[in-house]
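Letter by letter, the chains look like this.
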Amino acid sequence: FKVDSLAMADYNKEMEKDKPRQMKEQEEQMAKMRKEQQEQQVKEDLELEKSGEIAKELKAIETMLASKNINAQKTGKGTYVRIESQGTGPQAESGKYVTVKYSGRIMATDSVFQSNSYSFQLGKGAVIRGWDEGLVLFKKGGKGTLYIPGFLADGANPQPGSPFKPFDALTFDVEMLEVSDTPLAQPAPQMEQR
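Note that residues are indexed from 1 along each chain, following the sequence as it is written. Owing to the predicted nature of the model, reporting of local features is limited to residues with pLDDT of at least 70; listing and counting of side-chain atom pairs is limited to 80 or more, with chain, interface and lining totals taken over all residues. With hydrogens and water set aside, each side-chain value is computed from the structure's full complement of heavy atoms.

A. Fine view of the overall build of the chain. Labels follow the DSSP assignment, with helices taken as runs of H or I lasting at least four residues and strands as runs of E lasting at least two, numbered in each case from the N terminus. Counting its regular elements, the chain contains three helices and six strands. Reading the chain from its N end, one meets helices and strands in the order α-α-β-β-β-β-α-β-β. Only C-alpha atoms enter the radius of gyration, while the globule expectation follows 2.2 Å times N to the 0.38, with N the number of residues. For a compact globule of 194 residues, the expected C-alpha radius of gyration is about 16 Å, and the chain comes in at 21 Å, more than 25% above that figure. Considered along the principal axes of its C-alpha atoms, the chain spans approximately 80 × 40 × 30 Å. Going through the 194 residues of the chain one by one, you find that 34% of them count as buried. Think of it in three bands: with a 1.4 Å probe and only protein chains considered, a residue is buried below 20% of the maximum accessible area for its type, exposed above 50%, and partly exposed in between.

B. Representation of the pattern of salt bridges in the model. Here a salt bridge means any side-chain nitrogen of Lys or Arg lying within 4 Å of a carboxyl oxygen belonging to Asp or Glu. This structure, assessed with the given rule, holds 13 salt bridges. Notably, a salt bridge pairs Lys-24 with Glu-28, separated by 3.9 Å at the nearest N-O pair. Separated by four residues within a single helix, Lys-24 and Glu-28 lie in helix α1 (residues 4–51), roughly one turn from each other. For Lys-24, a relative accessible area of 53% corresponds to the exposed category. Between Asp-181 and Lys-96 there is a salt bridge; the shortest N-O distance is 2.5 Å. Of this pair, Asp-181 sits in the segment after β6 (170–180) while Lys-96 sits in the loop between β2 (79–85) and β3 (97–106), and the two are 85 residues apart along the sequence. Note on Asp-181: relative accessible area 59%, which makes it exposed. With a relative accessible area of 18%, Lys-96 lands in the buried category. Ionic contacts of the salt-bridge type, sharing partners, join the residues Asp-18, Arg-21 and Glu-25 into one network.

C. Molecular detail of the layout of surface pockets. A cavity here means a set of 1 Å grid points, computed over protein atoms only, where a 1.4 Å probe fits but cannot escape. A pocket is an open set with protein on both sides within 12 Å along at least 5 of 7 lines, and lining residues have an atom within 4 Å of a point. Grid points are joined across faces, edges and corners, and a volume is the space filled by probe spheres set on the points. The volume enclosed by the largest pocket comes to roughly 870 Å³. In this structure, the largest pocket is lined by 26 residues; those nearest its centre are Gln-37, Gln-38, Gln-41, Glu-44 and Arg-129. Looking at the lining of the largest pocket element by element, the count peaks at nine residues for α1. In this structure, the second largest pocket occupies an estimated 400 Å³ of space.

D. Main features of the confidence of the model for the chain. On average, the chain scores 90 in pLDDT, and the residues at 70 or more come to 95%. For every residue, the predictor assigns a confidence score, pLDDT, that lies between 0 and 100. Confidence, expressed as mean pLDDT per element, reaches its minimum in the chain at α1 with 88 and its maximum at strand β5 (residues 143–148) with 98.

E. View of the sheet that holds β2. A sheet is described by the order of its strands in space; here six strands give the open sequence β1-β2-β5-β6-β3-β4, paired in antiparallel fashion. Across the chains shown, the open sheet's two edge strands, defined by having one partner strand only, are β1 (73–75) and β4 (111–121). Taking the axes of each pair of neighbouring strands and ignoring which way they run, one obtains an average angle of 30 degrees across the sheet. In the sheet, β5 pairs with β6 via six bridges, with the strands oriented antiparallel. Paired with Tyr-147 across the two strands is Thr-171, which belongs to β6. Only when DSSP finds a minimum of two bridges between them are two strands counted as paired. In this description, a line fitted to the C-alpha atoms serves as the axis of each element, helices being fitted only across the stretch in contact, and the angle between N-to-C directions of two axes falls anywhere from 0 to 180 degrees.

F. Summary view of the nonpolar core. Of all hydrophobic cores here, the largest spans 35 residues; its most connected members are Val-100, Trp-131, Leu-135, Leu-146 and Phe-172. Broken down by secondary-structure element, the contributors of at least two residues to this core are α2 (53–67), β2, β3, β5 and β6. We call a set of buried residues a nonpolar core when its members are Ala, Val, Leu, Ile, Met, Phe, Trp, Tyr or Cys and they connect through side-chain atoms within 4.5 Å of each other.

G. A nonpolar patch on the surface, seen in detail. Together, Met-8, Tyr-11 and Met-15 line one region of the surface with nonpolar side chains, adding up to about 300 Å² of accessible area. Looking at where Met-15 falls in the secondary structure, it is placed in helix α1. Each patch is assembled from residues with relative accessible area greater than 30% and no salt bridge, linking like charges that lie within 9 Å and nonpolar side chains (Val, Leu, Ile, Met, Phe, Trp, Tyr) that lie within 5 Å. Exposure was quantified through the Shrake-Rupley algorithm and a 1.4 Å probe, taking into account, for residues, occlusion by the shown protein chains and nothing else.

H. Summary view of the packing of aromatic side chains. Aromatic contacts are taken between Phe, Tyr and Trp rings whose centres are within 6.5 Å, Trp giving its six-membered ring; a plane angle under 30 degrees counts as stacked, one over 60 as edge-to-face, and the others as tilted. Applying the stated criterion to the full structure yields seven aromatic pairs. Arranged with centres 4.7 Å apart and planes meeting at 85 degrees, the rings of Phe-113 and Phe-164 form a pair that is edge-to-face. One end of the pair, Phe-113, is in strand β4; the other, Phe-164, is in the loop between β5 and β6, with 51 residues separating them in the sequence. Residue classification places Phe-113 among the partly exposed positions, given a relative accessible area of 26%. Judged by relative accessible area, Phe-164 falls into the buried class, the value being 17%.

This is how it looks when you write it as structure tokens:
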């Protein structure tokens, strides 16, 4: 090419043609990564089951719920859900895109660590496993509380600098703001000031 602009136009045209292949390759890599993460999670869960950690955590949540007369149903591997209002819109199912307004507390201290809204694809590992398990019980407009054992929250290795200790059980008051088949715009952060 004699002119840079022609070379650039040709390059952009070729990149546009190649985009479907790149997207497919990226999706395959993501699927492979998710599969590897799931296999690792299964191994970790088996170790926690053998050590008695899972039974201990579930018993602690059941005891807390009983002591406070909270009626919550167990779902998945151990997320307990109290439904205040089911909601009347579309069901939040794995694969759907949802926006959830939440207030998260550390169960042991009942101290709020974050309140916000968050949009993500449900059931794809974008959030802690307790959310993926518990939120599928709601429809758009639904409200309730998730009681999540530590192994379904941040587990043995919470993020450095986070307010969590290993295996901290968490409580989330949630409201299902949106359920969609297509990606949703991330709401602007509206952090609660304390």
